[in-house]
Amino acid sequence: PPFNFCTMIEFIEHLPAESAERLFDKLAMVMSPDGLLVITTPISRTTTGLNPENRFHAHEWQPGELKGALSARWNDISIFEIGQFSMAVVCKGLI
């Protein structure tokens, strides 16, 4: 049966952007159409997505960039800043 709820808490920044995109595809295949996806991740402060201060982060996302990647799969995407450095993303309504 499909999943109704999925979380990725401080996880996607450890994947290259291309791998995260493939993960989003896989999630869209296993989630129910009205399921809820919640993501938290640092906000990229560079245009490259790289953070020289954290070598464990393969790609840090800017809010618009992450929304664009997710909007190919979900209809309703909300982004909330958590302080200065992180964001929470809530997705629902699979396309």
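Residues numbered from 1 in each chain as written. Predicted model: local features only at pLDDT ≥ 70, side-chain atom pairs only at ≥ 80, totals over all residues. Heavy atoms only, no water.

### Section: the overall build of the protein chain
Consideration 1: The secondary structure content of the protein chain amounts to 2 helices and 4 strands.
Consideration 2: For the protein chain, the α and β elements follow one another from N to C terminus as β-α-β-α-β-β.
Consideration 3: Its C-alpha atoms give the protein chain a radius of gyration of 13 Å, within 12% of the compact-globule value 12 Å for 95 residues.
Consideration 4: Across its three principal axes, the protein chain shows a C-alpha extent of roughly 40 × 25 × 20 Å.
Consideration 5: Sequence-distant contacts in the protein chain: of pairs separated by 6 or more residues, those separated by 24 or more amount to 60%.
Consideration 6: When the accessible area of the protein chain is evaluated, it comes to approximately 5600 Å², of which 60% is carbon and sulfur surface.
Consideration 7: Looking at the protein chain, you have 7 positive and 11 negative side-chain charges, and the mean spots of the two groups are 3 Å apart. (Helix = DSSP H or I, 4+ residues; strand = E, 2+ residues; numbered from the N terminus. Rg over C-alpha atoms; globule rule 2.2 N^0.38 Å. Contact = heavy atoms within 4.5 Å. Areas by Shrake-Rupley, 256 points an atom, 1.4 Å probe, with all protein chains shown as cover. Lys, Arg positive; Asp, Glu negative; His and termini not counted. Charge placed at Lys NZ, Arg CZ, Asp CG, Glu CD.)

### Some points on the sheet that holds strand β2 (residues 31-42)
Consideration 1: With mixed pairing, the 4 strands of this open sheet are ordered in space as β1-β2-β4-β3. Each end of this open sheet is capped by a strand with a single partner; those strands are β1 (3-9) and β3 (74-82). For this sheet, the mean angle separating the axes of adjacent strands, direction not counted, is 10°.
Consideration 2: Taken together, the 8 bridges between β3 and strand β4 (residues 86-94) define a ladder with antiparallel strand orientation. Across the sheet, F80 pairs through a bridge with A88, a residue of β4.
Consideration 3: Contacting β1, β2, β3 and β4, helix α1 (residues 17-30) crosses the sheet at an angle of about 150° to β2. (Pairing = 2+ DSSP bridges. Axes fitted to C-alpha atoms, helices over the stretch in contact; angles between N-to-C directions.)

### Remarks on the pattern of salt bridges
Consideration 1: Under the definition given, this model contains 3 salt bridges.
Consideration 2: A salt bridge links R73 to D25; its shortest N-O distance comes to 2.7 Å. Here the residue R73 occupies a position in the loop between α2 (63-70) and β3, and D25 occupies one in helix α1, the gap between them amounting to 48 residues.
Consideration 3: Among the ionic contacts, a cluster of salt bridges with common partners joins E21, D25 and R73. (Salt bridge = Lys/Arg side-chain N within 4 Å of Asp/Glu carboxyl O.)

### Topic: the environment of W74
Consideration 1: Secondary-structure assignment places W74 in strand β3.
Consideration 2: Taking the C-alpha atoms as reference points, W74 and L94, separated by 20 residues in sequence, lie 4.3 Å from one another.
Consideration 3: Non-local contacts of W74, meaning those with residues more than four positions away in its chain, are made with F24, L27, A28, M31, L37, C91, K92, G93, L94 and I95.

### Quick word on the packing of aromatic side chains
Consideration 1: As enumerated under the stated definition, the model contains 1 aromatic pair in all.
Consideration 2: On the basis of an interplanar angle of 50° and a centroid distance of 6.2 Å, the ring pair of F24 and W61 is categorised as tilted. Note that F24 is positioned in helix α1 and W61 in the loop between β2 and α2, a separation of 37 residues in sequence. As far as the burial class goes, F24 and W61 line up, both buried. (Phe/Tyr/Trp six-rings, centres within 6.5 Å; stacked < 30°, edge-to-face > 60°. Buried < 20%, exposed > 50% of the residue type's maximum accessible area, 1.4 Å probe, protein only.)

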